[in-house]
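Listed below, chain by chain, are the residues.
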Amino acid sequence: MPQTEPVNVSPEFKSDLALEAKGLTRRFGGLIAVNDVSFTVNKGEIFGLIGPNGAGKTTFFNLITGLIPPSNGQMLYQGTEISRLRPHQVATKGIARTFQNIRLFGNLSALENVMIAQHVHSRSGVFTGVLGLPPAPQEERTIRQRGMELLELVGLSDRADEPAQNFAYGNQRRLEIARALALQPQVLLLDEPAAGMNPNEKHQLSDFIRQIRDQFNLTILLIEHHVPLVMGLCDRIAVLDFGQLIALGEPAQVRTDPAVIEAYLGAE
Ligand SMILES: Nc1ncnc2c1ncn2[C@@H]1O[C@H](COP(=O)(O)OP(=O)(O)OP(=O)(O)O)[C@@H](O)[C@H]1O
Ligand SMILES: [Mg+2]
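On a predicted model such as this, the values are computed, not experimentally measured, just so you know. (Residues numbered from 1 in each chain as written. Chains lettered and ligands numbered in written order. Predicted model: local features only at pLDDT ≥ 70, side-chain atom pairs only at ≥ 80, totals over all residues.)

A. Geometry of the site of ligand 1. Inspection of the region around ligand 1 gives Phe28, Leu31, Ala33, Gly51, Asn53, Gly54, Ala55, Gly56, Lys57, Thr58, Thr59 and Gln100 as its neighbouring residues. Every element with two or more residues in the shell around ligand 1 is listed here: β2 (31-42) and α1 (57-64). Ranked by residues supplied to the shell around ligand 1, first place goes to α1 with three residues. In terms of residue class, the shell around ligand 1 is made up of four nonpolar, seven polar and one charged. (Near = placed C-beta within 6 Å. Helix = DSSP H or I, 4+ residues; strand = E, 2+ residues; numbered from the N terminus. Nonpolar A, V, L, I, M, F, W, Y, C, P; charged D, E, K, R; others polar.)

B. Region of interest: the sheet that holds strand β9 (residues 236-241). Spatially, six strands are ordered β6-β7-β8-β3-β9-β10 in an open sheet, and the strand pairing comes out mixed. Where the open sheet ends on each side, the last strands, each with one partner, are β6 (95-97) and β10 (244-249). On average, each strand axis in the sheet is inclined to that of its neighbour by 20°, with strand direction left out of account. As paired elements, β6 and strand β7 (residues 187-191) share three bridges and run parallel to each other. Within β7, the residue paired with Ala96 across the bridge is Leu188. Each of β3 (46-50), β9 and β10 touches helix α10 (residues 258-265); the most contacted strand, β10, lies at about 120° to it. (Pairing = 2+ DSSP bridges. Axes fitted to C-alpha atoms, helices over the stretch in contact; angles between N-to-C directions. Contact = placed C-beta atoms within 7 Å.)

Written as structure tokens, this is what we have:
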């Protein structure tokens, strides 16, 4: 019988867990950006990560996605250690993200940005996409069609051929979500997706995030400063302050936590 299970699954792994941080720590010289953080994220959860500027939220995403290695500790994905993998390896395992500082190919069209991401899963491979070599025609058609479906989903299909740099901030963020979904992830990390959106767009984004969670069976981690959005959307919230986890729980719990009010929310 072929062995299908990875051998390094931790013995205490529970199948309802998507992610597990264990004593995760990242130092930059003398600064401890993420300090001994441990918590779990359940499959299917919309999980918020909040805290003041410089608290270590983006660094935490960078640790999950292999952009930087941890100084100490582990990040487990479905029971398997991922924190020392390369970013493309993490992506092929099913973890996709958007960036606080948007990273689109500005001179490529919206559709091309989404199509390139799909090449990770295509037979021709990612390098064909990056080098601009054409994949097999049938595959190209499928990728294009899927790209258009994703643009439709984020409300940008009528602007598929426009360069990404022409898009307003909010639309660029939507396009980044489409590109992340093109990787067919199981876990989606969103770093401040509502930044640059007006109140109406923020409200729509909230509904949209719930919709894609349900439609694609996603687990979603969300970094966001807009407190009403986070409180209304997330099943649970973790609060970081100076790299440390100072609170973890359901929105109602976190909102009234004195340490969170002191560090982040302020007296309302
Ligand atoms: N590559 C790096 N080199 C050195 N210091 C870094 C690096 N990346 C982050 N830092 C520092 O680590 C700390 C945490 O930064 P991080 O970007 O994770 O915060 P954040 O919670 O995402 O903040 P914000 O809400 O402003 O986006 C900050 O003090 C930051 O200056
Ligand atoms: Mg950040």
